[in-house]
Amino acid sequence: MPGILVLTASSGAGHDAVAGVLAKTLTKRGRGAAKVTVTDPFEGPDLLSRIVRLYGAAIVRAPRLWGIAYRLTDNQRWVTAIARALEGAVARLLGQQRPDLVISVHPLCHGAAIRALKRLGLDIPVAVMVTDLLDIHASWQDCGAALY
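Residues numbered from 1 in each chain as written. Predicted model: local features only at pLDDT ≥ 70, side-chain atom pairs only at ≥ 80, totals over all residues. Heavy atoms only, no water.

Asks: Quick one: what's the story with the sheet that holds strand 2 (residues 35-39), residue by residue and with numbers?
Replies: Taken together, the four strands give an open sheet; going across it, the order is 2-1-3-4, and neighbouring strands pair in parallel fashion. Because the sheet does not close on itself, it has two edges, and the strands there are strand 2 and strand 4 (126-128). Averaged over all adjacent pairs, the angle separating strand axes in this sheet is 20°, with direction ignored. In the sheet, strand 1 (residues 3-7) pairs with strand 2 via five bridges, with the strands oriented parallel. (Pairing = 2+ DSSP bridges. Helix = DSSP H or I, 4+ residues; strand = E, 2+ residues; numbered from the N terminus. Axes fitted to C-alpha atoms, helices over the stretch in contact; angles between N-to-C directions.)

Asks: Give a description of the pattern of salt bridges that names residues and reports values.
Replies: Overall, the coordinates contain two salt bridges when judged by the stated rule. Residue Arg 115 is joined to Glu 87 by a salt bridge in which the shortest nitrogen-to-oxygen separation is 3.1 Å. Here Glu 87 lies in helix 5 (residues 76-97) and Arg 115 lies in helix 6 (residues 109-120), a separation of 28 residues in the sequence. Taking the shortest distance from any N to any O, the salt bridge between Arg 119 and Glu 87 comes out at 3.7 Å. Remark: Glu 87 occurs in helix 5 and Arg 119 occurs in helix 6; sequence separation between them is 32 residues. Connected via shared salt-bridge partners are Glu 87, Arg 115 and Arg 119. (Salt bridge = Lys/Arg side-chain N within 4 Å of Asp/Glu carboxyl O.)

Asks: Tell me about helix 5, and please be specific about residues and values.
Replies: At Glu 87, helix 5 shows its largest kink, close to 45°. Every buried residue belonging to helix 5 is among Val 79, Ile 82, Ala 83, Leu 86, Glu 87, Val 90, Ala 91, Leu 93 and Leu 94, and all of these are buried. Where helix 5 is buried, its residues meet strand 1, strand 2, helix 2 (47-53), strand 3 (101-104) and helix 6. Among the residues of helix 5, the N-terminal cap falls to Asn 75, whose side-chain oxygen and the backbone nitrogen of Arg 77 are separated by 3.1 Å. One or two steps after helix 5, the chain reaches Arg 98, where phi turns positive at roughly 50°. (Bend = angle between axes of the 7 residues up to and from the residue. Buried < 20%, exposed > 50% of the residue type's maximum accessible area, 1.4 Å probe, protein only. Contact = heavy atoms within 4.5 Å. Polar contact = N/O pair within 3.5 Å; in protein donor to acceptor, adjacent residues only side chain to side chain.)

Shown next, in the form of structure tokens:
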């Protein structure tokens, strides 16, 4: 049975909601022909995961601080650093799951997935479902994605 790995981050309700609806729709439309797994690679105790989990509270309680962080990280240098930091966690998930397709609904997930797949020597397509409605942060952009 083909496998689809949906990568999200529980940094706010939006990405998880999209991942859940996507998984449900893929399962229903595919009539159960594929195993769809939704996973959050930011569940660990590492610093990056902790920072990502602060997003929900930061956007509500300190929107100016979140805005500053958004603007400071809106460049490829930061995006690459974040992808490198997350690459190990995503590589472990890919090694365990061995999906036939990866779908990212969070801007920090697909860059790490693309890097991890290259490192593991796996040829698995990565699709990106952009969930930001207003601006496109640099973290959404990766020419290694198979589909947007």
